[in-house]
Amino acid sequence: MDKSRKKLVKIAAILSAGIMLLTGCATQDKVNPPASRGQQTTSMSTDNAVPTEEPTEALTSTPTIEATNTPTPTAVVTATPDPVSLLTDTQRNSINMLNWLTYLSRQINAESNNRLYIEEIYSLVVDETDPEMVDEDTQERLRGIRQALNRYRMASVKRERIEYLFEQNKASAIRSIIPNPMSIMSAVMAQDKKALAMTVVYMAINSVTSYVSATTQNELQYLKDGWELDDAAREVFDAISSDAYDYMVDMVREFELPGRMSITEKAVNDFVSWKNNDNIVRRIRSLESNKETYQAFGSYWLLLAESYFANGDYEKCLSAVDAYEALDIKIFRHDTEYAKILPLAVAAAREVLPDAEYIELAKRYTDTIIKNINIADWELRYFAAQTYAELYRMTDDQDYLKLAFHQARDNVNYLIDKQNELNAAYLKKVEDVP
């Protein structure tokens, strides 16, 4: 009986302790906010005495623990493929050509009075467009652009001629107001003051009348000729814009291109406005906010890479260059716009990459620069030589030193004539210049 009584007392004590514990938990729940429940249940789980199974069941069924073990749906969003990567090679080449010609058409119209720019664009279209990337529709579009460029060139020449004739006629009008010295001399020799006064007054009135008449006629003719040139230029402008729209519709339909990847004339105008904005932070913000609009436009990624570099965002600069390369643009024989950005990419890589990765990337970028420049691009070739020399210092690889030497020698071969000309001018005796 004593043993049984002791067992009953022990059981009663345990039950009392359990009731007190449960009461304490309930009281704690009322005092502390729900956020502190995790701490309370955690401290309980470390004790060996667990009075009942109810708290354990509540702990294991807590929703917060379940949520931590369940995969979040955001993983599906981040796994969405890049729309450009879904294009076929033909579609990618078509959208690249389409967007480039849309941008080119806008630039031609905007710089129609810039004769030097028109000559550069004509050379770009004729000499640098890769014929393998030109289908029949694109060939027709390029023919229209060449014709427009020729008309703009002739309009520029005619405008210069009109300016010349206007200045000549103005000079002639000025000469016409100068009085004839023989008439004045005759009046003086006659010693007739009245005749002299009448002669001077008549000559002055006649000179002013002749000058006003000649000037008015000259200005009217100048305005008329200018209007005719403006009307002709407007016709070219409208033809380029109309052809650009028709070409965009034809290409989207024929190659089943995503319409949202083709840029419009308004989008090009906005892009040029941001490009000319000197505020780097605002420019980057504008470009980033319109990524979807320009995702298939190569110049967008190059401008973004340049802006990131100017702002010190070197990793983003490299990412923008990667995005440009993903477009796989093959519409040029030499992609000089791309080559001009690559020195920035090399400098950015030097800032953020370890030596091993930098060596590999710098070699690839520098090789790409050489493939995409002409002999006249001596500044880029000089940069390539300097980069090869740096890679030699880092690796002791003689091949890099040979590459640097070849690029430097090509530059010397191109620049030697100009250097000799400057040397001759420097060594000549000092000449008096009137």
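Provided above is the structure to which this section pertains.
Parameters at a glance
Residues numbered from 1 in each chain as written. Predicted model: local features only at pLDDT ≥ 70, side-chain atom pairs only at ≥ 80, totals over all residues. Heavy atoms only, no water. Helix = DSSP H or I, 4+ residues; strand = E, 2+ residues; numbered from the N terminus. Buried < 20%, exposed > 50% of the residue type's maximum accessible area, 1.4 Å probe, protein only. Areas by Shrake-Rupley, 256 points an atom, 1.4 Å probe, with all protein chains shown as cover. Axes fitted to C-alpha atoms, helices over the stretch in contact; angles between N-to-C directions. Parallel < 35°, antiparallel > 145°, perpendicular 65-115°, else oblique. Left-handed = near helix turned anticlockwise from the far one by under 90°. Contact = heavy atoms within 4.5 Å. Nonpolar A, V, L, I, M, F, W, Y, C, P; charged D, E, K, R; others polar. Patch = residues over 30% accessible without salt bridge, like charges linked within 9 Å, V, L, I, M, F, W, Y side chains within 5 Å. Salt bridge = Lys/Arg side-chain N within 4 Å of Asp/Glu carboxyl O. Expected span 1.5 Å × (residues − 1). Phe/Tyr/Trp six-rings, centres within 6.5 Å; stacked < 30°, edge-to-face > 60°. Polar contact = N/O pair within 3.5 Å; in protein donor to acceptor, adjacent residues only side chain to side chain.

Student: How should the overall build of the protein chain be read in this particular structure?
Tutor: Within the protein chain one finds 19 helices and zero strands. Going through the 434 residues of the protein chain one by one, you find that 30% of them count as buried. For the protein chain, the computed accessible surface area is about 28,500 Å², with 56% contributed by carbon and sulfur atoms.

Student: What exactly am I supposed to notice about the environment of Asp270 here?
Tutor: Positionally, Asp270 belongs in helix α11 (residues 265-275). Residue Asp270 is classed as partly exposed on the basis of its relative accessible area, which comes to 27%. When the C-alpha positions of Asp270 and Ser286 are compared, they lie 9.4 Å apart, and in sequence the two are 16 residues distant.

Student: What is the right way to read the packing of helix α15 (residues 314-326) against helix α17 (residues 355-371) from this model?
Tutor: Pairs of packed helices are described in terms of their axes, by the angle between the two and the distance that separates them. Relative orientation of the contacting elements α15 and α17 amounts to 50 degrees, with a least axis distance of 14 Å. It follows from the interaxial angle that α15 and α17 lie oblique. In this structure, α15 crosses over α17, and the sense of that crossing is left-handed. Across from Leu318, Val321, Asp322 and Glu325 in α15, the residues of α17 making contact are Leu361, Arg364 and Tyr365. Classifying every residue of the contact of α15 with α17 by side-chain character gives four nonpolar, no polar and three charged.

Student: Any chance you could explain a nonpolar patch on the surface here in plain terms?
Tutor: A contiguous nonpolar patch, built from Ile375, Trp378, Tyr382 and Tyr414 and spanning about 400 Å² of accessible area, is present on the exposed surface. With respect to the helices, strands and loops of the structure, Tyr382 is situated in helix α18 (residues 378-395).

Student: Whenever I open this one, helix α14 (residues 298-310) confuses me. Can you help?
Tutor: The α-helix advances 3.6 residues per turn, and as a result positions three or four apart in sequence lie on the same side. Helix length check: α14, at 13 residues, gives a terminal C-alpha distance of 19 Å against a target of 18 Å (1.5 Å per residue), a fit within 8%. Among the 13 residues of α14, 10 are classified as buried, and the element is accordingly described as predominantly covered. All buried positions along α14 are accounted for by Gly298, Ser299, Tyr300, Trp301, Leu302, Leu303, Leu304, Ala305, Ser307 and Tyr308. Where α14 is buried, its residues contact α11, α12 (280-289), α13 (291-294), α15 and α16 (336-352).

Student: Just checking my understanding: could you explain the packing of aromatic side chains for this structure?
Tutor: Each aromatic ring pair is specified by the distance between its two centres and by the angle formed by the two planes. Applying the stated criterion across every chain, the model contains 12 aromatic pairs. When the ring of Trp100 is compared with that of Phe332, the centres are 4.9 Å apart and the planes differ by 90 degrees; the resulting orientation is edge-to-face. Residue Trp100 is located in helix α6 (residues 89-110), and its partner Phe332 is located in the loop between α15 and α16; the two are separated by 232 residues in the primary sequence. Taking relative accessible area as the criterion, Trp100 reaches 9% and is therefore assigned buried. The class for Phe332 is buried, based on a relative accessible area of 16%.

Student: Even after reading the chapter, I still don't get the side chain of Gln107, so can you show me in this structure?
Tutor: Tracing the sequence through the fold places Gln107 in helix α6. Given a relative accessible area of 12%, Gln107 falls into the buried group. Within the structure, the side chain of Gln107 is placed 2.7 Å from the side chain of Arg106, a separation counted as a polar contact. Not counting the four nearest positions on each side in its chain, Gln107 is found in contact with Tyr117 and Val272.

Student: Hey, could you run me through the packing of α17 against α18 in this one?
Tutor: Their axes nearest at 10 Å, the elements α17 and α18 cross at an angle of 150 degrees. With respect to α18, the axis of α17 lies roughly antiparallel. Relative to α18, the crossing made by α17 is left-handed. Residues Asp355, Tyr358, Ile359, Ala362, Lys363, Thr366, Asp367, Ile369 and Ile370 of α17 form the contact with α18, whose own contacting residues are Leu380, Arg381, Phe383, Ala384, Thr387, Tyr388, Glu390, Leu391, Met394 and Thr395.

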